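Structure assessment
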Amino acid sequence: MTAEVLVELDQESLGYGDQVIIRDVSLSLHAGERVALLGESGVGKSTLLAALRQRLGQQAAWCPQHHGLVGPLSVYLNIYMGRLDQHSALVNLWNLARPLPRAWQEIAELCGPLGLEGMMKRSVSRLSGGQRQRVAIGRALHQQRDIFLGDEPVASVDPHQALGLLEMIDQRHRGSIIALHQRELALTHFDRVWGLADGRLVLDAPSNRLSLADLDALYPSAVASLPESTTVQAQEKSATPEGSLRCHRGRS
Ligand SMILES: Nc1ncnc2c1ncn2[C@@H]1O[C@H](COP(=O)(O)OP(=O)(O)OP(=O)(O)O)[C@@H](O)[C@H]1O
């Protein structure tokens, strides 16, 4: 039986006003699927996530690239903001002055595994980059939505922490789409990779059918600036007779 489709695009062009950034994109996220979204800076990852977020509405938890935290406010209040729309204005105002016991307890339970225990009263402006990133993830988890959309949510943490955070995200969502630049992580942790290049979705394949060389093809400028002998492509070129890059497309 095919898994339920959580969100899909069918030959759509995405952009801003008259400016098309990604052309004719068709894709679908299935229940239980974790998708890594890769591509060079400026290729359109945030644009695609914004379109999916619009499509999903209240079903999507959202962790933006620049966190969108309020520096002078505490870790507790920043995470609480994930569910601001679920309370009345009066309750939210009261919570600014005196934390609601139930919300405090729920957020404390999130802060433990996020590595933020003991920091709930600290203002976000006094946190490190990695700690801020974990607060932003905490706020998205606190939303308690079906599907997690993240724009480089693990860019500022070490690889071990990144894995722990991704596992927390997996446990709490039916599907996820996460933009990132860590190619190894895309292959080891995710079920599927979507790759953008030249204004198109050029890669849509299960991660277990891909190699680092396939992902290198999404970063032509980076590969071009390296000495040939140091690239994965170069190493694979010498190992494969055809020496060509493979670019997969389509569900399998
Ligand atoms: N609000 C906007 N209005 C017009 N153009 C935009 C807007 N936001 C982004 N763009 C343009 O769209 C293109 C894709 O940007 P986008 O932020 O989606 O790329 P990205 O892959 O997420 O980049 P990065 O990895 O650097 O975050 C860029 O050329 C950018 O200048």
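Residues numbered from 1 in each chain as written. Predicted model: local features only at pLDDT ≥ 70, side-chain atom pairs only at ≥ 80, totals over all residues.

As annotated in an unreviewed UniProt entry, the protein chain is Phosphonate transport system ATP-binding protein from Halomonas cupida. In its Subcellular location (unreviewed entry) section, UniProt records this for the protein chain: "Cell inner membrane". (UniProt positions renumbered as here; feature names shortened; annotations may be inferred.)

1. Describing the overall build of the protein chain
A tally of regular secondary structure across the protein chain gives 10 helices and eight strands. In the protein chain, which comprises 252 residues, the proportion classed as buried is 35%. The contacts in the protein chain between residues at least 6 apart in sequence include a share of 68% that link residues at least 24 apart. (Helix = DSSP H or I, 4+ residues; strand = E, 2+ residues; numbered from the N terminus. Buried ≥ 20, exposed ≤ 12 C-beta atoms within 10 Å, placed from the backbone. Contact = placed C-beta atoms within 7 Å.)

2. Overview of the pairing of strand β2 (residues 19-30)
Pairing of strand β1 (residues 5-16) with β2 involves eight bridges; the strand directions are antiparallel. Bridge pairing in β2 links Glu-12 to Val-25. Between β1 and β2, which pair antiparallel in sequence order, lie two residues; one of them, Gly-17, sits at a positive phi of approximately 60°. (Pairing = 2+ DSSP bridges.)

3. Re unusual backbone geometry
Trans peptide bonds make up most of the peptide bonds, and negative phi angles are found at most residues other than glycine. Positioned with a positive phi, Gln-144 is a non-glycine residue whose angle comes to about 55°. Tracing the sequence through the fold places Gln-144 in the loop between α5 (129-142) and β5 (147-151). Gln-144 gets classed as partly exposed once you count the C-beta atoms within 10 Å, which come to 13. Phi is positive for Asp-198, close to 50°, though the residue is something other than glycine. Counting through the fold element by element, Asp-198 comes out in the loop between β7 (192-197) and β8 (200-206).

4. Examining the nonpolar core
The biggest cluster of nonpolar side chains holds 60 residues, and the ones touching the most others in it are Ala-36, Leu-37 and Leu-149. No fewer than three residues from each of domain 1 (5-208) and domain 2 (211-245) sit in this core. If near-sequence neighbours (up to four positions away) are discounted, Leu-149 is found in contact with Leu-49, Leu-52, Arg-53, Ala-60, Ala-61, Trp-62 and Ile-177. (Core = buried A, V, L, I, M, F, W, Y, C linked by C-beta atoms within 7 Å. Domains from an automatic or database assignment.)

5. Side note on the sheet that holds β7
By definition, the strands of a sheet pair up through backbone hydrogen bonds, in either a parallel or an antiparallel sense. Strand order in the open sheet formed by six strands is β4-β5-β6-β3-β7-β8, and the pairing between neighbours is mixed. Each edge of the open sheet carries a strand with a single partner, namely β4 (60-63) and β8. Each adjacent strand pair in this sheet contributes to an overall mean axis angle of 15°, direction not counted. Running at roughly 155° to β5, helix α1 (residues 45-56) makes contact with β3 (34-38), β4, β5, β6 (175-179) and β7 of the sheet. The sheet strands contacting α5 are β4 and β5, and the helix crosses β4 at an angle near 170°. (Axes fitted to C-alpha atoms, helices over the stretch in contact; angles between N-to-C directions.)

6. Remarks on the domain arrangement of the protein chain
By a widespread convention, an interface's size corresponds to the accessible area lost as its parts come together. Under the domain assignment used here, the protein chain contains domain 1 (5-208) and domain 2 (211-245). The distance between the C-alpha centroids of domain 1 and domain 2 comes to 30 Å. The partner domain 2 presents six residues to the nine residues of domain 1 that form the contact. Of all the secondary-structure elements, those providing two or more residues to the side of domain 1 that touches domain 2 are α7 (183-189) and β7. The greatest single-element share of the side of domain 1 that touches domain 2, amounting to three residues, is contributed by α7. Split by residue class, the side of domain 1 that touches domain 2 holds five nonpolar, two polar and two charged. (Nonpolar A, V, L, I, M, F, W, Y, C, P; charged D, E, K, R; others polar.)

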